[in-house]
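Coordinates in review
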Amino acid sequence: MKYGVIGTGAIGGYYGAKLARAGKDVHFLLHSDYEFVKENGLYVDSVDGSFHLTDVHAYGDVREMPPCDVVLVCLKSVRNQLLKELLPPLLKQPSPKGGNGTLVVLIQNGIGLEADVQQMFPDVQLAAGLAFICSAKTEPGRVNHQCYGYINIGNYSCRQQALIDSVVADFREAGVDANEVEYHEARWKKAVWNMPFNGMTVALDTQTDLLLKHPATLQLIREQMLEVIEAAQACGVKYIDESFADKMIDNTLHMTPYSPSMKLDFDYHRPMEIDYLYTRPIEEARKAGFRMAKLEMLEAELRFLQEEKNRL
């Protein structure tokens with residue numbers, strides 16, 4: 001299968017490079033570091049073994065890329081309006097005999113992403129990519145993979161199960177632990193970690209490990225996690241309970257001290273993904289009759305910090 005990567009950053013660069021290293025046909029759309037990667041290749045500094053891709057299918061213009069069987073969208077969700085221009089050149093049309101069109105996998109954080117992209121492209125097949133990884137790109141053409149790295153795929157509107165199966169199999173062949181999961185449950189389970197840690201590291205200007213070292217912030221993180229779990233239950237998620245919060249905290253205690261993507265965005269004066277990470281799940285929970293009071297407060301703090309940062 002032919003893969004396209006939109007957003008060759010910490011996430012797209014890592015997963016795309018792993019697939020390419022395994023011999024998959026991967027085509028990368030780049031922006032600021034296009035010339036660097038075209039000339040020097042793509043570097044992955046990884047706890048699981050570093051490597052360098054010297055021959056990269058790199059593009060600075062999506063119109064020069066071929067139609068793909070699978071497109072991995074790894075843009076920050078604040079830039080999803082660009083998909084109206086970026087996706088069409090990469091989409092394959094289903095054949096008259098019923099063959100597959102393109103599968104678009106949104107490897108992004110938040111709730112409601114697929115519903116909004118489906119409105120833009122009613123006929124496109126979509127899946128969620130839930131990445132569990134500590135990774136960053138702070139210089140051109142180099143991804144720093146610090147911890148974890150597995151990915152779950154949740155089918156949102158893909159009509160061919162074989163296509164989902166092939167993506168999972170390709171990731172596994174590339175050395176990435178990948179599994180298919182139930183979409184709705186997976187999105188909310190990811191939010192259990194994302195909503196407390198992304199916002200709290202920004203609000204308190206810290207990293208994940210320090211939040212868990214202090215009893216007061218550890219308690220607050222757990223309470224926020226339980227709030228997300230209750231919201232998920234109100235929204236119909238069945239297989240989630242208090243034990244999942246304890247599991248997420250234990251996993252975080254064992255990971256490398258980490259600045260989540262929202263903290264890096266804030267530090268580098270980039271827009272934060274507040275809408276899909278906070279506003280949308282809070283709204284969905286409210287519609288289901290549950291109020292996420294602590295996370296409403298955190299959302300307000302993040303919006304204040306974002307506006308003050310923009311004003312300076």
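Residues numbered from 1 in each chain as written. Predicted model: local features only at pLDDT ≥ 70, side-chain atom pairs only at ≥ 80, totals over all residues. Heavy atoms only, no water.

**Section: the overall build of the protein**
Here is the rule we go by: Helix and strand labels come from DSSP, where a helix needs a run of H or I of at least four residues and a strand needs a run of E of at least two; each type is numbered from the N terminus. The size measure is the radius of gyration over C-alpha atoms, and the globule rule it meets is 2.2 Å times the number of residues to the 0.38 power. Residue contacts are counted whenever heavy atoms from the two residues lie within 4.5 Å of one another. In short, Shrake-Rupley with a 1.4 Å probe defines the accessible areas, and a residue's cover is counted only from the protein chains shown.
A tally of helices and strands in the protein yields 12 helices and 10 strands. Compactness check: the protein gives a C-alpha radius of gyration of 19 Å against a globular reference of 20 Å for 312 residues, within 12% of the reference. Dimensions along the principal axes, computed over C-alpha positions, put the protein at roughly 55 × 40 × 40 Å. Taking the contacts inside the protein whose residues are at least 6 apart along the sequence as the reference set, 69% of them involve residues at least 24 apart. A total of about 14,000 Å² of accessible surface is found on the protein, and carbon and sulfur atoms cover 50% of it.

**Regarding the pattern of salt bridges**
For clarity, the threshold we go by: A side-chain nitrogen of Lys or Arg and a carboxyl oxygen of Asp or Glu constitute a salt bridge if their distance falls within 4 Å. With a 1.4 Å probe rolled over the protein chains alone, any residue whose accessible area is under 20% of its type maximum counts as buried; one over 50% counts as exposed, and the rest are partly exposed.
Evaluated as defined, the whole model comprises 25 salt bridges. In this structure, lysine 137 engages aspartate 33 in a salt bridge whose closest nitrogen and oxygen atoms are separated by 2.7 Å. Residue lysine 137 is located in strand E8 (residues 125-139), and its partner aspartate 33 is located in the loop between strand E2 (25-29) and helix H2 (34-40); the two are separated by 104 residues in the primary sequence. You can call lysine 137 partly exposed: its relative accessible area is 27%. Look at aspartate 33 and you get buried, because its relative accessible area is 5%.

**Topic: the packing of aromatic side chains**
Defined as follows: Stacked, tilted and edge-to-face are the three classes assigned to paired rings of Phe, Tyr and Trp, where Trp is represented by its six-membered ring and a pair needs centres within 6.5 Å; plane angles under 30 degrees give stacked, over 60 edge-to-face, the rest tilted. Two conditions define a charge sitting above a ring: the NZ of Lys or the CZ of Arg must be within 6 Å of the ring centre, and it must be within 35 degrees of the ring normal.
All told, the structure shown has five aromatic pairs when counted by the stated rule. Measuring from ring centre to ring centre gives 5.0 Å for tyrosine 156 and tyrosine 183, while their planes differ by 65°; the resulting arrangement is edge-to-face. In this pair, tyrosine 156 sits in the loop between strand E9 (142-155) and helix H5 (161-173) while tyrosine 183 sits in helix H6 (residues 183-203), placing the two residues 27 residues apart along the sequence. The rings of Tyr14, Tyr15 and Phe171 are connected pair by pair, giving a single aromatic cluster. Stacked on the ring of tyrosine 43, the Lys or Arg arginine 142 has its end atom at 4.5 Å from the ring centre. Over the ring of phenylalanine 266 we find lysine 309, and its NZ or CZ is 4.1 Å from the ring centre.

**Considering helix H12 (residues 293-311)**
In plain terms, the rule: Any helix carries an expected span of 1.5 Å times its number of residues minus one. The directions considered for the arc are those from the helix axis to the C-beta atoms.
Relative to the 27 Å expected for 19 residues at 1.5 Å per residue, H12 spans 27 Å between its end C-alpha atoms, a close match to the ideal helical length. The complete set of buried residues in H12 reads Leu295, Glu296, Leu298, Glu299, Leu302 and Gln306. Considered in projection along H12, the buried side chains sweep an arc of 160° and stay on one side of the axis. Residues Met297, Phe304, Glu307 and Arg311 are exposed on H12 and point more than 90 degrees away from its buried face. Of the surrounding secondary structure, the elements contacted by the buried residues of H12 are H6, helix H8 (215-234), helix H10 (261-267) and helix H11 (274-287).

**Quick notes on the pairing of E2**
Stated precisely, the cut-off is as follows: Between any two strands, pairing holds if DSSP finds at least two bridges.
Summarising burial for E2: four of the five residues are buried, a large majority. Where strand E1 (residues 2-6) and E2 come together, five bridges link them in parallel fashion. Looking at the pairing, valine 5 lines up with phenylalanine 28 of E2. The pairing of E2 with strand E5 (residues 57-59) spans three bridges and is classified as parallel. Its bridge partner being in E5, phenylalanine 28 is matched across the sheet by alanine 58.

**Quick notes on the environment of lysine 189**
The residue lysine 189 is located in helix H6 in this model. Discounting residues that sit within four places of it in the chain, lysine 189 has contacts with Tyr239, Ile240 and Phe244.

**Digging into the nonpolar core**
The cut-off we apply is this: Throughout, nonpolar core names a set of buried Ala, Val, Leu, Ile, Met, Phe, Trp, Tyr and Cys residues whose side chains join them through atoms within 4.5 Å.
In terms of nonpolar packing, the biggest core is built from 41 residues, with Met225, Tyr278 and Met292 touching the most fellow members. Breaking this core down by element, the ones donating at least two residues are H6, helix H7 (208-213), H8, helix H9 (242-253), H10, H11 and H12. Of all hydrophobic cores here, the second largest spans 38 residues; its members include Tyr14, Leu30, Cys74 and Val167.

**Thoughts on H6**
As a reminder of what qualifies: Under this definition, polar contacts are N or O atom pairs within 3.5 Å; protein pairs additionally need one hydrogen-donor-capable and one acceptor-capable atom, and for neighbouring residues in sequence, both atoms have to be side-chain atoms.
Relative to the 30 Å expected for 21 residues at 1.5 Å per residue, H6 spans 30 Å between its end C-alpha atoms, a close match to the ideal helical length. Backbone nitrogen of histidine 184 and a side-chain oxygen of the N-cap are separated by 3.2 Å at the start of H6; the cap is glutamate 182. In the stretch just after H6, aspartate 205 is the one whose phi turns positive, near 50°.

**Some points on the pairing of strand E6 (residues 70-73)**
Of the two faces of E6, both are covered, the one formed by Val70 and Leu72 as well as the one formed by Val71 and Val73. Of the pairings in the sheet, the one linking E6 to strand E7 (residues 103-106) comprises four bridges and is parallel in character. Along E7, the bridge assignment pairs valine 73 with leucine 106.

**Considerations on unusual backbone geometry**
At tyrosine 148, a residue that is not glycine, the phi angle is positive and equals roughly 55°. The class for tyrosine 148 is partly exposed, based on a relative accessible area of 31%. With a phi close to 60°, histidine 269 is a non-glycine residue in the positive phi region. The residue histidine 269 is located in the loop between H10 and H11 in this model.

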